[in-house]
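The residues making up each chain are set out below.
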Amino acid sequence: MQFITVKTYEELSRKAANIIAAQIIQKPECVLGLATGSTPLGAYDGLVKKYQDGELDFSTVTSVNLDEYAGLDGTNDQSYRYFMDTNLFNKVNIDKAKTHVPNGCAEDLAAEGARYDALIAELGGIDLQLLGIGLDGHIGFNEPDDCFTKETHEVELDPSTIEANARFFASIDDVPTSAITMGMQAIMQAKKVLLIANGAGKKEIVEKSFFGPITPQVPASILQLHPDVTVIFSEN
Ligand code: PGA
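These lines cover the structure that appears in this document, whether it is placed above or below. Note that the structure is a prediction, hence the values are computed from the model and not measured.

**Some points on the sheet that holds strand β1 (residues 2–6)**
Phase 1 of the analysis: Across the sheet, which stays open at both edges, the seven strands sit in the order β1-β10-β9-β6-β2-β3-β5 with parallel pairing between neighbours. Only two strands of the sheet have a single neighbouring strand rather than two, namely β1 and β5 (99–100).
Phase 2 of the analysis: Two strands pair when backbone bridges link them, and strand β9 (residues 192–198) and strand β10 (residues 229–234) are joined in this way by six bridges, in the parallel orientation. For Asn 198, the partnering residue across the bridge sits in β10 and is Ser 234.
Phase 3 of the analysis: Packing of helix α1 (residues 9–26) onto the sheet brings it into contact with β1, β2 (31–34), β6 (128–131), β9 and β10, and relative to β9 it is tilted by some 165°.

**Some words on helix α7 (residues 203–211)**
Phase 1 of the analysis: The complete set of buried residues in α7 reads Ile 205, Val 206, Ser 209 and Phe 210. Buried residues of α7, seen end-on, are gathered within an arc of 110° and therefore sit on one face of the element. Opposite the packed face of α7, turned more than 90 degrees from it, sit the exposed residues Glu 204 and Phe 211.
Phase 2 of the analysis: Contact partners of the buried residues in α7: β1, β9 and β10.

**Let's talk about the pattern of salt bridges**
Phase 1 of the analysis: Counting across every chain of the model gives eight salt bridges.
Phase 2 of the analysis: Asp 127 is the salt-bridge partner of Lys 191, the closest N and O atoms lying 3.4 Å from each other. Here the residue Lys 191 occupies a position in the loop between α6 (184–189) and β9, and Asp 127 occupies one in the loop between α4 (109–122) and β6, the gap between them amounting to 64 residues.
Phase 3 of the analysis: In this structure Asp 127 comes out as buried when scored by relative accessible area, which is 4%.

**Looking at the side chain of Thr 152**
Phase 1 of the analysis: For Thr 152, the position within the fold is in the loop between β6 and β7 (153–156).
Phase 2 of the analysis: Accessibility expressed as a relative area gives 5% for Thr 152, which makes it buried.
Phase 3 of the analysis: Polar contacts involving the side chain of Thr 152 include one to the side chain of Asp 117, which spans 2.6 Å.
Phase 4 of the analysis: The contact partners of Thr 152, leaving out residues within four places of it in the chain, are Gly 113, Tyr 116, Asp 117, Ile 180, Thr 181, Met 182 and Gly 183.

**Structural notes on the sheet that holds strand β4 (residues 67–69)**
Phase 1 of the analysis: Read from one edge to the other, the open sheet built from three strands follows the order β4-β8-β7, with strand pairing classed as antiparallel. The open sheet has two edge strands, β4 and β7, and neither has a second partner. Strand-to-strand, the axes of this sheet are offset by a mean angle of 25°, without reference to chain direction.
Phase 2 of the analysis: Note that β7 and strand β8 (residues 178–181) share four bridges and pair antiparallel. Opposite Val 155, over in β8, you have Ala 179 as the bridge partner.

Procedures and definitions
Residues numbered from 1 in each chain as written. Predicted model: local features only at pLDDT ≥ 70, side-chain atom pairs only at ≥ 80, totals over all residues. Heavy atoms only, no water. Pairing = 2+ DSSP bridges. Helix = DSSP H or I, 4+ residues; strand = E, 2+ residues; numbered from the N terminus. Contact = heavy atoms within 4.5 Å. Axes fitted to C-alpha atoms, helices over the stretch in contact; angles between N-to-C directions. Buried < 20%, exposed > 50% of the residue type's maximum accessible area, 1.4 Å probe, protein only. Arc of directions from axis to C-beta. Salt bridge = Lys/Arg side-chain N within 4 Å of Asp/Glu carboxyl O. Polar contact = N/O pair within 3.5 Å; in protein donor to acceptor, adjacent residues only side chain to side chain.

Below, the structure is given as structure tokens:
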């Protein structure tokens, strides 16, 4: 594991954008595993800037996102499809048909999970998986549990996650209580993992995840077993 501590969110975002850009330059047909949340926004802005400056070409990139709220479709401005479209995909030359987000509106979320895992396998797996981390240690929406779940699956969101994400919604009652998330297999099989965590509030969970015991009660701790993880933690 490479653990990088930086002083500011700007520095974190610049480094993350550079790592993602390097992946695209080294392998233009790469599969990027992408994340939502507030933390990746600066990195996405950095990638858009590189594209605008003619330094990056997304035309042969494929993306698979980690998760989606149950019941929200891509027209809902709180959906993760909408987030990805507005913050990255609409601003670069990626082929939208090659951008994948689990369908939170599928009638059968278990079948949707199986479809999503088959799709990732068909793509040959993920080259670089970008991750944020929740205050409870979740990656994607893999919440603390008694076991690690392998497959893309439906999850009940932890009350702390609902509370943390309420800031994006009109009220806490509008936050969906369940979601569909990529499981640990696709994440752990990614060739490289880049986890970004911003601010003093994340310090404790980052320490637990990367320097504590490996346990499904701290889902990100499984990454200690991954052979190529970079963590960028910003102190402020
Ligand atoms: P945040 O969310 O980037 O908004 O802190 C991270 C996460 O919950 O994975």
